[in-house]
Amino acid sequence: MTQKQLFEIAISWFKQQKWTPFPFQKDTWTAFLQGKHGLLNAPTGSGKTYALWFPIVLNYIRNNREYKTRHPKGIKAIWITPLRALSQEIRQSAERITLDLETGLTVGIRTGDTSSRERATQRKTMPDLLITTPESLHLLLATKGYDQIFKDCTAIVVDEWHELLGTKRGVQVELALSRLKAIAPEMRIWGISATIGNLEEAREVLMGPQTAALQNSTLIKANLRKKITVISIIPKEMETFPWTGHLGLRLLEEVIPIINKSKTTLLFTNTRSQCEIWFRKLLDTHPEYAGEIAMHHGSIHKETRIWVEQAIRNESLRAVVCTSSLDLGVDFAPVETVVQIGGPKGVARFLQRAGRSGHRPGKESVIYFLPTHAIELVEASALKQAVKQQAVEDRIPYLNSFDVLVQYLITLAVSDGFFPDDIWREVQGTFCYQAMTLDEWHWLLNFIVLGSQSLQTYDEYKKVVVEADGRFRVTNKGIAMRHRFQIGTIVGDANLTVRYQKGGYIGTIEESFISKLSPGDVFTFAGRNLEFIRMKEMQVHVRNSTKKTRKVPSWMGGRLTLSARMSELLRQELYSAATSSGDNPRKPAPSAEIIALAPLFDRQRQESIVPDPGQFLIETFKTQDGYHHIFYPFEGRFVHEAMGSLLSYRISLLAPITFSLAFNDYGFELLSDKELDMQQVLDNELFTVEYLFDDLQKSLNATEMARRKFRDIAVISGMVFTGYPAKNIKMKHLQSGSQLLFDVFREYEPDNLLFRQAFRETFEHQLEEGRLRLALERIAGQEIVWKDCKNPTPFSFPIITDRLRETLSSEKLADRIRRMTAKLTRR
Amino acid sequence: MTRTISLQDQQFILHPSGAIYWPQQSLLLISDVHLGKVSHFRKFGAAVPVSAIRRNFEMLGETMAFFNPKKICFLGDLFHSYLNGEWAFFESWVQSSNLEIILVSGNHDIISPLKYQALGIKVVHEWELQGFLLTHHPEERTGFYNFSGHMHPAVTLRGKGRQSLRLPCFYLRKMQLILPAFGAFTGTHVFEMEQDDEAFAIADATVIKI
């Protein structure tokens, strides 16, 4: 069949649906049928699934003239989705095509939710089109004879590639592709990505740098521009609007008319706890909404979430309070309005959320921004600019993630075993490991075989063995079984299931929260007030309670940082406030948000200044907490954490001192029980970029941050065993905190590559060393303005009230203890 | 740097390794060494550094050399799990130490007492000695002052400027002293100090009263 004939099949199908294919869909069909790989840049709800399911099916038709009667077995295509929840929709769109075109192709889903019976059936006969997640794909690679499963696969589609790209799940995809390329020579690689700053790089990561696949690939852009309107909710009385806070409840009443005006409204919060509180408060103040509003976040039981999603589609809900759990996938046509509560911290996320409304071609998206404290209005103003300029962030891919590689090598050793020379070539062709050295590779092989780098005379380490023919293989059944349970790169805090005593699941909750509760305590979860009865075998038993409570579980990892693009826009907006007071007629008029903030800026100017582009502001003052030293780079919390620890280290070289460090997206604070000689700090040029890496490494803080990174690394690389999910098999003697492991490595094996990776990730992903360097260079060109204030200023307020702190010290432990003892809090 | 305390008219010396020496009895008390833990993890595929195994024995050696006791009593959790290669190290250490050794068994001690007895080690559930009760789990018994382990106690100190610090410690409460874990690969559990409780923290090879 010619391409023209194939196209006719597709176009006539579109006609039957009364649709016309978009140019980007046709372009994708053409490229695919020409045998090309590619990356499709298209937003959710644009028909991207038809852009790729069609050529997959058409290609099958082309290769099987008698496709209506003859049906060769085996996987023809794999569709990778980051979210299990999306798999049903993807299956539906695939089945529409396969049924209507009478191909007889079967569509199957294989994710963590798939029952073991269905898995077994699939093992006998794989579906023709398989929808799966990166983790489940790796599990297939851990199956004996996996090369036979994939050998006739003609396509692999990685959906929402932008979501995976900057994560270790993305690395997992890279590794799986490197293997599949070798065993399925006919396979085309396709990615689908929303708009991000580094689309070209996204393609390179997917295909592998300098590979034949990259040479033979294309980037197709849907270019479906959508009108987005951003409306800030400006408090009526700015004078009394709080300077600090992150909940935004003060403006709750402003949301009511917005909800009443629309068919369905989504209210996006930044954390699950904020979501819980907003839902509760909405119901408390507006009981008439009972049954008409719902809540949706990642810790709520799956069935409840599916119910909420269905109810949005049925238009039976007025409003849903949600978190990023509703960022992705699933089209909700009835959503008319979106409210963002608090700064979304990133342009891409904000655009994604805005795009959830007006989800029909030609319709405009409306998003309201509700500030949780005064200065967040500056962020609102910056977001408007960002939307106008489409200033979307990059997603930074991981490099040399040895933990993921260790896991992958053991995966291969568990199934059919591997020969290192073959795998070295494949792995080296990936983006993540392109710069890995042969020494590092040998180190990793030693690590999985010997558990160390030197052959011990005595050792009982068991994992991978090298067989006589040089094949690396796991022969121990227990090791293999435990490894299969551990495949994946998403590491959460130990999660406990919350359920009623008489049965009925409510959701999951982090162990750290429950450990602070005593029986009888009441907390809010999934929109209910629940009394904690007991904890039993990883389950939390609760009953409904009528008692009022203020306890809301907080989930870790809820803290986001301002992206580089956002912080730049934020600074510009802020500077517009500084310069607007001057009389430069050529300056553009400040935004409504900046004008509304005038009372706050006036207060700020009473004690201090609102900096302009040429100024770097430092404020100092004293409260009963101690001496506050506050710096305002406006670079986002991660850069501030890094800069704060760098600065305190450098200060501590001048004289022994201990700081606790607090930071937010606007600046950071060094709080001490002693006063700091600020003039000395300024005289010593402590903001220099010289010796940056060394100084950062030496600051105690980097170790503490690396300790947190190490937790994920230890789990992913299989050094910490998390237990069998839902199986309640006791592994008592094998449980150890990754904290403890970190300390042991620090003391006994500091050159371990996985231990060092924790530091590297800290510098590259947490401290954002690259951004820090740029920020310091920017500051070097600014005039430093130091204001010695009598009272805390409006700018400083959100920072000094932050309770999450890091400690940095250059004093002797014994000296610190002596002073602390005096203040020790006794019950 | 050690610290001497007095309990029930007896002198005791707290050592930064986590051991306590009772001069009158020439008895060294050590709790929660968790020997074999590193090997146990390695056997199951978790590559904990091998050198941590050696450290336990070095620490034992250093502490013995410091006090030169006649007797040593382990307050439970001497071995972390089932028998493994570290037992051989332990055997040779026992043979070279030339001491009277008593093991008050703990929840982790699942190795047969016969194996200990073969080495001349006495295994008991508890030990009453001169008005002192030695156990693994903390206990209250009228007329006895209790030494125990099991809890791996630590304290968190808070200071001005919202600083905090977590340190392993000897924990003293009503008629009880809980020893810190001696082992190199053991965690800690933070105690909230009640009124009248006392703690001696270990920091920088020093024992410091809190």
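Position labels on residues start from 1 in each chain and follow its written sequence. Each chain gets a letter, beginning with A, and each ligand a number, beginning with 1, in the order they are written. Local features in this predicted model are restricted to residues of pLDDT 70 or higher, and side-chain atom pairs are both shown and tallied only at a pLDDT of 80 or more, whereas totals for entire chains, interfaces and linings draw on every residue.

### Details of the overall build of chain B
Here is the rule we go by: The way it works is that DSSP assigns letters per residue, a run of H or I at least four long becomes a helix, a run of E at least two long becomes a strand, and they are numbered from the N terminus. For a compact globule the rule gives 2.2 Å times the number of residues to the power 0.38, and the radius of gyration it is set against comes from C-alpha atoms. Throughout, a residue-residue contact means that the two C-beta atoms, derived from backbone geometry, are no farther apart than 7 Å.
Of regular secondary structure, chain B possesses four helices and 16 strands. Rg of the C-alpha trace for chain B: 17 Å, near the compact-globule value of 17 Å for 210 residues, within the 12% margin. Here the C-alpha coordinates of chain B stretch approximately 45 × 40 × 30 Å along the principal axes. Counting only contacts in chain B whose residues sit at least 6 apart along the sequence, the fraction spanning at least 24 positions is 65%.

### Thoughts on the overall build of chain A
Quick note on the threshold: Exposure classes come from backbone-placed C-beta atoms, where a residue is buried if 20 or more other C-beta atoms lie within 10 Å of its own, exposed if 12 or fewer do, and partly exposed in between.
Of regular secondary structure, chain A possesses 33 helices and 26 strands. The buried share of chain A, reckoned over its 827 residues, is 46%. When contacts within chain A are restricted to residue pairs at least 6 apart in sequence, long-range pairs at least 24 apart make up 75% of them.

### Thoughts on the confidence of the model for chain B
Formally: The predictor's confidence in any single residue is recorded as pLDDT, a number from 0 to 100.
Model confidence for chain B is summarised by a mean pLDDT of 91, while 97% of its residues fall at 70 or above. The ipTM for the predicted assembly is 0.85, set against a pTM of 0.81.

### So, the pairing of strand E10 (residues 293-296) of chain A
All names here are of chain A. Heads up, the condition is: For two strands to count as paired, DSSP must find a minimum of two bridges between them.
Burial along E10 is two-sided: the residues Ile293 and Met295 and Ala294 and His296 are all buried. Bridge count between E10 and strand E11 (residues 319-322): four bridges; the pairing is parallel. Bridge pairing in E11 places Met295 opposite Val321.

### Brief notes about the nonpolar core
To keep it simple, the criterion reads: As used here, a nonpolar core is made of buried Ala, Val, Leu, Ile, Met, Phe, Trp, Tyr and Cys residues. They are joined through C-beta atoms within 7 Å.
The biggest cluster of nonpolar side chains holds 216 residues, and the ones touching the most others in it are A:Ile156, A:Val157, A:Leu267, A:Val320 and A:Val321. Apart from the residues lying within four places of it in its own chain, the contact partners of A:Val157 are A:Leu52, A:Ala77, A:Trp79, A:Ile80, A:Trp190 and A:Ile192. Membership of the second largest hydrophobic core comes to 46 residues, among which are B:Ala19, B:Phe74, B:Val155 and B:Phe200.

### A closer look at the confidence of the model for chain A
All names here are of chain A. With 89% of its residues at a pLDDT of at least 70, chain A reaches an overall mean of 85. Below a pLDDT of 50 lies the segment residues 726-730, which in the model reaches three contacts outside its immediate sequence neighbourhood of four places, other chains included. Low pLDDT, under 50, characterises residues 821-827; the stretch is placed with 14 contacts to residues that sit more than four places away or in other chains.

### Quick word on the sheet that holds E11(A)
All names here are of chain A. What counts is decided by this rule: Lines fitted to the C-alpha atoms define the axes, with helices restricted to the stretch that makes contact. Angles between their N-to-C directions range from 0 to 180 degrees.
Taken in spatial order, the six strands line up as E8-E13-E12-E9-E11-E10 in an open sheet, and their pairing is parallel. For this open sheet the edge positions go to strand E8 (228-232) and E10, each flanked by a neighbour on one side alone. Shown here is a sheet whose adjacent strand axes are inclined to one another by a mean of 20°, direction ignored. Relative to strand E13 (residues 365-370), strand E12 (residues 335-341) runs parallel, the two being bridged by five bridges. Paired with Thr337 across the two strands is Val366, which belongs to E13. Across the sheet, helix H14 (residues 302-313) lies against strand E9 (264-268), E10, E11 and E12, angled at about 130° from E10, the strand it touches most. Contacts between helix H16 (residues 376-389) and the sheet are confined to E8 and E13, with E8 contributing the most and set at about 165° to the helix.

### Describing the environment of A:Gln486
All names here are of chain A. Assignment of secondary structure puts Gln486 in helix H20 (residues 477-486). For Gln486, a count of 20 C-beta atoms within 10 Å translates into the label buried. Residues Gln486 and Phe721, spaced 235 residues apart in sequence, show a C-alpha to C-alpha distance of 7.6 Å.

### Quick look at the sheet that holds strand E4 (residues 129-132) of chain A
Residue and element names in this part refer to chain A. Overall, parallel pairing links the seven strands, which are arranged E3-E4-E2-E5-E6-E1-E7 in an open sheet. Strands with a single pairing partner mark the edges of an open sheet, and in this sheet they are strand E3 (107-110) and strand E7 (217-221). Across this sheet, the average inter-strand angle for adjacent strands is 15°, counted without regard to direction. As paired strands, strand E2 (residues 77-80) and strand E5 (residues 155-158) are joined by four bridges and run parallel to one another. Each residue of the ladder has a partner; that of Ile80, found in E5, is Val158. Strands E2, E3 and E4 of the sheet are contacted by helix H4 (residues 87-100), whose axis makes an angle of about 165° with E3.

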